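# Structural features, examined
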Amino acid sequence: MTHIPDDHPRYVSLKIREKIVEGVQMAITSMQGLVAQGRGEAFDYLIGERTIESAAVAERVAVAYLLIAQKPVISVNGNTAALVPRALVSLADIIGAQLEVNLFHRSDARVHRIIEHLKAHGAGNVLGLKGDARLDLSHDRAIVDQEGIYAADVVLVPLEDGDRCKKLVDMGKIVISVDLNPLSRTSLSATVTIVDNVTRALDNMVQFTKEMKKDSKEQLRSIIDSYDNRKILADAMYAIQENLKNQTEREGIEWI
Ligand code: PTJ
């Protein structure tokens, strides 16, 4: 592991990168996961590497959905397992949600390793190895557990594929995505789109859950009812534009 001095101007981003590399070394994260992280980093740079206001709104709505759900499930892949294992376990615990490992580049060995990794971070039962149900998709993300994602009413899918996200929505589920690209197919098709780094989003959601857990069903419902996901997407794009404009002006370059 490369030592990153804490006065490095890109300290946080580089530390996150190290976690993904560690994930690959532990054979939890796929090699492709490195590329996906790179794409995420680029979008994070564009939004200013912070939780934008509209993302915080989406995170609260996501928590409201998870708290009123009958069968909430948190889908875990190789990237999120490496980046936020503790936050995934904490969120599942306080929500009362199931964790299910679901991989695009699937092998039973990797599912098993991720389950063990989550258990080492405090998880109890983790689904994903049975794979006794199938979504109507031609790749391995189709393989799910009957008692988990297949039966879920609300699914949190950080770093998801667009077609599975759409499929889950078409099945009538509430789908919450975390994806730094506001124009990805996932972001465009989710019920609630969180345009934030999964490392910030999950911590925020744990915090919001602690605050909102005491709210009544009616209060949670009203948070959901006033939510407009198209507006959240527009806000994310506006935030990118404003951030670029401000940076450009700071550097004395004329914004056209
Ligand atoms: O572990 P597996 O086999 O299930 O594979 C996981 C990856 C992520 C490799 C797989 O799902 C994949 O290829 O994903 P994509 O299609 O590259 O999509 C990843 C999306 O997540 C992209 O839109 C990225 O911008 C975004 N992203 C990457 N890193 C982060 C992120 N969003 C939030 N936080 C991040 N840290």
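Our structure's up above, just so we're on the same page.
The structure displayed is predicted, hence computed values, not measured ones. (Residues numbered from 1 in each chain as written. Predicted model: local features only at pLDDT ≥ 70, side-chain atom pairs only at ≥ 80, totals over all residues. Heavy atoms only, no water.)

One non-glycine residue, Ala 27, adopts positive backbone phi at about 60°. Tracing the chain through its elements places Ala 27 in the loop between α1 (11–25) and α2 (31–47). If you check the backbone angles, Glu 49 has positive phi at about 50° while not being a glycine. Within the secondary structure layout, Glu 49 lies in the loop between α2 and α3 (53–68). (Helix = DSSP H or I, 4+ residues; strand = E, 2+ residues; numbered from the N terminus.)

Once that is clear, we can look at the environment of Val 73. Residue placement: Val 73 occurs in strand β1 (residues 72–76). Given a relative accessible area of 1%, Val 73 falls into the buried group. Taking C-alpha positions, Val 73 is 9.6 Å from Leu 127, a pair spaced 54 residues apart along the chain. Once residues within four sequence positions are removed from consideration, Val 73 is found in contact with Gln 98, Glu 100, Gly 148, Ile 149, Ala 152, Val 154, Val 155 and Leu 156. (Buried < 20%, exposed > 50% of the residue type's maximum accessible area, 1.4 Å probe, protein only. Contact = heavy atoms within 4.5 Å.)

Near the ligand, the surroundings consist of 23 residues, among which Gly 78, Phe 104, His 105, Arg 110 and Asp 179 are the closest. In this structure, Gln 37 approaches the ligand through a side-chain N or O atom, which is 3.4 Å from a nitrogen atom. With the chains in place, 93% of the 740 Å² that the ligand exposes on its own is no longer accessible. The set of elements that each furnish at least two residues to the shell around the ligand consists of α2 and α4 (78–83). No other element matches the six residues that α2 contributes to the shell around the ligand. Taken together, the residues of the shell around the ligand sort by class into seven nonpolar, 10 polar and six charged. (Near = heavy atom within 4 Å. Polar contact = N/O pair within 3.5 Å; in protein donor to acceptor, adjacent residues only side chain to side chain. Areas by Shrake-Rupley, 256 points an atom, 1.4 Å probe, with all protein chains shown as cover. Nonpolar A, V, L, I, M, F, W, Y, C, P; charged D, E, K, R; others polar.)

The element β1 is largely enclosed, with a buried count of five among its five residues. Of the two faces of β1, the one carrying Pro 72, Ile 74 and Val 76 and the one carrying Val 73 and Ser 75 are both buried. Note that β1 and strand β6 (residues 154–158) share three bridges and pair parallel. By the bridge assignment for β6, Val 73 is matched with Val 155. Direction of pairing for β1 relative to strand β2 (residues 98–101): parallel, over a ladder of four bridges. Along β2, the bridge assignment pairs Val 73 with Gln 98. (Pairing = 2+ DSSP bridges.)

All right, on to the packing of α2 against helix α12 (residues 229–250) then. The geometry of α2 relative to α12 is characterised by a closest axis approach of 7 Å and an angle of 70° between their N-to-C directions. Regarding the angle of α2 to α12, the classification is roughly perpendicular. The residues of α12 that touch α2, namely those facing Tyr 45, Leu 46 and Ile 47, are Ile 240, Asn 243, Leu 244 and Gln 247. The residue inventory of the contact of α2 with α12, partitioned by class, reads five nonpolar, two polar and no charged. (Axes fitted to C-alpha atoms, helices over the stretch in contact; angles between N-to-C directions. Parallel < 35°, antiparallel > 145°, perpendicular 65-115°, else oblique.)

Turning to the sheet that holds β6, a few remarks are in order. Adjacent strands of a sheet pair through backbone hydrogen bonds, lying either parallel or antiparallel. The parallel open sheet is built from six strands, whose spatial order is β3-β2-β1-β6-β7-β8. Either end of the sheet is taken by a strand with one partner, and the two such strands are β3 (126–127) and β8 (192–194). Strands β1, β2 and β6 of the sheet are contacted by helix α5 (residues 85–95), whose axis makes an angle of about 170° with β1. Across the face of the sheet, helix α8 (residues 162–170) comes into contact with β1, β6 and β7 (174–178) while running at roughly 155° to β7.

Let us now look at the packing of α3 against helix α11 (residues 217–225). Taken N-terminus to C-terminus, the directions of α3 and α11 make an angle of 140°; their axes are 9 Å apart at the nearest point. Between α3 and α11, the interaxial angle falls into the category oblique. As for how α3 packs across α11, the hand of that crossing is left-handed. For the pair formed by α3 and α11, the contact residues are Val 61, Ala 64, Tyr 65, Leu 67 and Ile 68 on the first element and Lys 217, Leu 220, Arg 221, Ile 223 and Ile 224 on the second. When its residues are assigned to classes, the contact of α3 with α11 shows eight nonpolar, no polar and two charged. (Left-handed = near helix turned anticlockwise from the far one by under 90°.)

Right, let's talk about helix α10 (residues 198–212) for a bit. The terminal C-alpha atoms of α10, which comprises 15 residues, lie 20 Å apart, in line with the 21 Å expected from a rise of 1.5 Å per residue. Looking only at α10, the buried set comprises Val 198, Thr 199, Arg 200, Ala 201, Leu 202, Met 205, Val 206, Phe 208, Thr 209 and Met 212. (Expected span 1.5 Å × (residues − 1).)

Bringing the pattern of salt bridges into the picture now. Applying the stated rule across the entire model yields 13 salt bridges. One salt bridge in this structure joins Arg 10 and Glu 49, with 2.5 Å as the shortest N-O distance. Of the two residues, Arg 10 is situated in the segment before α1 and Glu 49 in the loop between α2 and α3; the sequence distance between them amounts to 39 residues. The class for Arg 10 is partly exposed, based on a relative accessible area of 30%. (Salt bridge = Lys/Arg side-chain N within 4 Å of Asp/Glu carboxyl O.)

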